[in-house]
Amino acid sequence: MDVVVVYESKTGTTRRAALAMGDELFTRGIRCTTYPASGVDPAAVAAADLLIVGTWTDGLFAVGQRPGGRKRLAQMLNTLAGPDGDGLKGKKCAVYCTYAVTPGGTLRKLDDMVAGAGGDVVAGLAMRRDTIADGAQRLVGAIADLSSV
Ligand SMILES: Cc1cc2nc3c(=O)[nH]c(=O)nc-3n(C[C@H](O)[C@H](O)[C@H](O)COP(=O)(O)O)c2cc1C
């Protein structure tokens with residue numbers, strides 16, 4: 001199984017989660033490559049069995065939460081969808097967001113973005129920024145369970 005993680009990160013936490021998931025996947029014998037949203041390799045995503053997309057929570061801490069870096073995420077998803085718009089069609093995807101206090105609707109909105117680009121979202125997790133290692137393990141565990149199906 002090949003996994004690609006693409007993350008949008010402002011201060012490093014969501015990147016840290018991506019790298020922790022990479023380590024956890026490696027431990028389980030699953031190949032993983034991580035990319036920032038600004039530098040994703042469409043060929044690697046096309047070849048992957050699963051795409052994980054992560055971002056941070058942007059909002060007013062308790063209200064108005066949404067995916068951080070939406071413009072870059074939208075551009076990235078557009079690039080992956082390709083000129084015919086079907087590059088992500090049927091691609092198994094997982095989503096995650098990191099947050100400080102409460103993620104509100106961030107994960108659902110990210111899920112909507114990825115599904116809107118054609119991805120088939122099969123797992124998702126909001127990870128509090130002070131429990132990233134635990135969150136990374138939990139999401140990888142859910143993915144590994146799915147891949148054994
Ligand atoms: C401008 C800004 C707005 C934020 N809004 C929220 C918020 O509404 N709710 C929340 O729980 N965390 C919020 N956070 C915290 C970040 O989502 C959290 O620290 C996240 O893990 C940062 O990820 P990053 O280091 O990958 O950028 C905000 C952070 C910033 C910089």
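Everything numeric in this text was worked out from a predicted model, so none of it was measured.

Calculation rules
- Residues numbered from 1 in each chain as written.
- Predicted model: local features only at pLDDT ≥ 70, side-chain atom pairs only at ≥ 80, totals over all residues.
- Heavy atoms only, no water.
- Near = heavy atom within 4 Å.
- Polar contact = N/O pair within 3.5 Å; in protein donor to acceptor, adjacent residues only side chain to side chain.
- Areas by Shrake-Rupley, 256 points an atom, 1.4 Å probe, with all protein chains shown as cover.
- Helix = DSSP H or I, 4+ residues; strand = E, 2+ residues; numbered from the N terminus.
- Buried < 20%, exposed > 50% of the residue type's maximum accessible area, 1.4 Å probe, protein only.
- Contact = heavy atoms within 4.5 Å.
- Disulfide = S-S within 2.5 Å.
- Pairing = 2+ DSSP bridges.
- Right-handed = clockwise from strand over helix to strand, strands pointing away.

1. Brief notes about the site of the ligand
Link 1 in the chain: Surrounding the ligand, one finds 19 residues, the nearest of these being Ser 9, Lys 10, Thr 11, Thr 14 and Thr 57.
Link 2 in the chain: Note that an oxygen atom of the ligand is positioned 2.6 Å from one of the backbone N or O atoms of Thr 57.
Link 3 in the chain: Contact between the ligand and Thr 98: an oxygen atom at 2.7 Å from a side-chain N or O atom of the residue.
Link 4 in the chain: If the ligand stood free it would expose 640 Å²; the protein chains cover 87% of that surface.
Link 5 in the chain: The set of elements that each furnish at least two residues to the shell around the ligand consists of helix H1 (13-27), strand S3 (50-58) and strand S5 (92-99).
Link 6 in the chain: Ranked by residue count, the leading element in the shell around the ligand is S3, at 3 residues.

2. Some remarks on unusual backbone geometry
One can expect most non-glycine residues to show negative phi and most peptide bonds to be in trans.
Link 1 in the chain: Here Phe 61, not a glycine, exhibits a phi torsion of approximately 70 degrees, which is positive.
Link 2 in the chain: Counting through the fold element by element, Phe 61 comes out in the loop between S3 and strand S4 (66-67).

3. A few points about the side chain of Gln 65
Link 1 in the chain: Position of Gln 65 among the secondary structure elements: in the loop between S3 and S4.
Link 2 in the chain: Among the polar contacts made by the side chain of Gln 65, one reaches the main-chain carbonyl oxygen of Thr 102 at a distance of 3.1 Å.

4. Some points on the side chain of Glu 8
Link 1 in the chain: With respect to the secondary-structure elements, Glu 8 resides in the loop between strand S1 (2-7) and H1.
Link 2 in the chain: According to the relative accessible area criterion, Glu 8 is buried, its value standing at 5%.
Link 3 in the chain: Here Arg 72 takes part through its side chain, which lies 2.9 Å from a polar atom of the side chain of Glu 8.
Link 4 in the chain: When neighbours within four sequence positions are excluded, Glu 8 is seen to be in contact with Thr 14, Ala 37, Gly 54, Thr 55, Trp 56, Gly 68, Gly 69, Arg 72 and Leu 73.

5. Overview of the state of the cysteines
Link 1 in the chain: One pass over the structure, following the stated rule, counts 0 disulfides.
Link 2 in the chain: Free of any disulfide, Cys 32 has its nearest neighbouring cysteine sulfur in Cys 93, separated by 14 Å.
Link 3 in the chain: For Cys 32, a relative accessible area of 25% gives the class partly exposed.
Link 4 in the chain: Its sulfur unpaired, Cys 97 is 16 Å from the next cysteine sulfur, which belongs to Cys 93.
Link 5 in the chain: Given a relative accessible area of 0%, Cys 97 falls into the buried group.

6. Details of the pairing of strand S2 (residues 31-36)
Link 1 in the chain: Examined bridge by bridge, S1 and S2 share 6 bridges and lie parallel to one another. From the neighbouring strand, Val 4 faces S2, where its bridge partner is Thr 33.
Link 2 in the chain: In this fold, the crossover linking S1 to S2 by way of H1 has right-handed handedness.

7. Quick look at the environment of Gly 59
Link 1 in the chain: By secondary structure assignment, the location of Gly 59 is in the loop between S3 and S4.
Link 2 in the chain: On a C-alpha basis, the gap between Gly 59 and Thr 102 in space is 9.8 Å, while along the polypeptide they are 43 residues apart.
Link 3 in the chain: Residues within four places of Gly 59 in sequence aside, it is in contact with Gly 64 and Gln 65.

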